[in-house]
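# Close look at the chain arrangement
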Amino acid sequence: TVDLATNVEYTSRFELVFENKFDNGGSGNGIKGDPSGADTATTVTGINENTNADFTLIQSENEIMISNPNGINGSIRIFDVTGKLVWEKENVNNQASQTIHLNNISSGTYFVTILNKGEKVFTKQWIRP
């Protein structure tokens, strides 16, 4: 239980974590989510920020700008907190910066990920007011 004051933004106090309980095939009762833990195992999914020092993310009211003096190569993706892809640009080739207009993105918490040859080189959480 958490008691929070009204009209206050809590932008860095809480973390969203998804937990999946599943039957691990043991010899107990085989009930999913059994609180005894006899036949269950737990996996936790989280977002680990990869804040490569070469990348910067600057947010203004209606756009964000991602820059890297060595150039951005690969793809840029934005996900909401449920993991839904809400914006993507592929085949970014050696651009020093990329501006993303937020006109069609509603308020909320998002994650920007830059992939280079399938490898995450930058991941950052940001909040759209």
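Read on for a plain summary of the structure. This structure is a prediction, so every number in the text was calculated from the model and none was measured.

Attention now moves to the environment of Asn91. Assignment of secondary structure puts Asn91 in strand β5 (residues 85-101). Between the C-alpha atom of Asn91 and that of Gly74, which follows or precedes it by 17 residues, the distance is 5.2 Å.

The next point concerns the side chain of Thr113. Inspection of the secondary structure assignment puts Thr113 in strand β6 (residues 108-116). Since its relative accessible area comes to 6%, Thr113 is described here as buried. Discounting residues that sit within four places of it in the chain, Thr113 has contacts with Ser75, Ile76, Arg77, Phe79, Lys120, Phe122 and Thr123.

Next up on the list: the packing of aromatic side chains. Counting across every chain of the model gives two aromatic pairs. Pairing Phe55 with Phe122 gives two aromatic rings, centres 5.1 Å apart and planes at 25°, and the pair type is stacked. A residue pair is termed long-range when its members are at least 10 positions apart, and Phe55 in the loop between β2 (40-45) and β3 (56-59) and Phe122 in strand β7 (residues 119-128) qualify at 67 residues. Overall, the relative accessible area of 2% leaves Phe122 in the buried class.

This paragraph deals with the environment of Trp126. With respect to the helices, strands and loops of the structure, Trp126 is situated in strand β7. Trp126 sits 18 residues away from Gly108 along the chain, and the two C-alpha atoms are 8.6 Å apart. If near-sequence neighbours (up to four positions away) are discounted, Trp126 is found in contact with Leu57, Gln59, Ile64, Ile78, Leu102, Gly108, Thr109, Tyr110, Phe111 and Val112.

On to the nonpolar core. The biggest cluster of nonpolar side chains holds 16 residues, and the ones touching the most others in it are Ile66, Ile76, Ile78 and Ile114. Those elements that provide at least two residues to this core are β4 (63-80), β5, β6 and β7. Counting residues per element, this core draws most heavily on β4, at five residues.

Now for the side chain of Asn68. Mapped onto the secondary structure, Asn68 falls in strand β4. Within polar-contact distance, the side chain of Asn68 engages the backbone nitrogen of Asn70 at 2.8 Å. For Asn68, the residues in contact, after removing those within four places along its chain, are Asp54, Phe55 and Ala96.

The next point concerns unusual backbone geometry. Phi angles above zero are rare outside glycine, and Asn91 is one such case at about 55°. For Asn91, a relative accessible area of 62% gives the class exposed. Positive phi, close to 55°, is recorded for Asn94, a residue that is not glycine. Looking at where Asn94 falls in the secondary structure, it is placed in strand β5.

Basis of the calculations
Residues numbered from 1 in each chain as written. Predicted model: local features only at pLDDT ≥ 70, side-chain atom pairs only at ≥ 80, totals over all residues. Heavy atoms only, no water. Helix = DSSP H or I, 4+ residues; strand = E, 2+ residues; numbered from the N terminus. Buried < 20%, exposed > 50% of the residue type's maximum accessible area, 1.4 Å probe, protein only. Contact = heavy atoms within 4.5 Å. Phe/Tyr/Trp six-rings, centres within 6.5 Å; stacked < 30°, edge-to-face > 60°. Core = buried A, V, L, I, M, F, W, Y, C linked by side-chain atoms within 4.5 Å. Polar contact = N/O pair within 3.5 Å; in protein donor to acceptor, adjacent residues only side chain to side chain.

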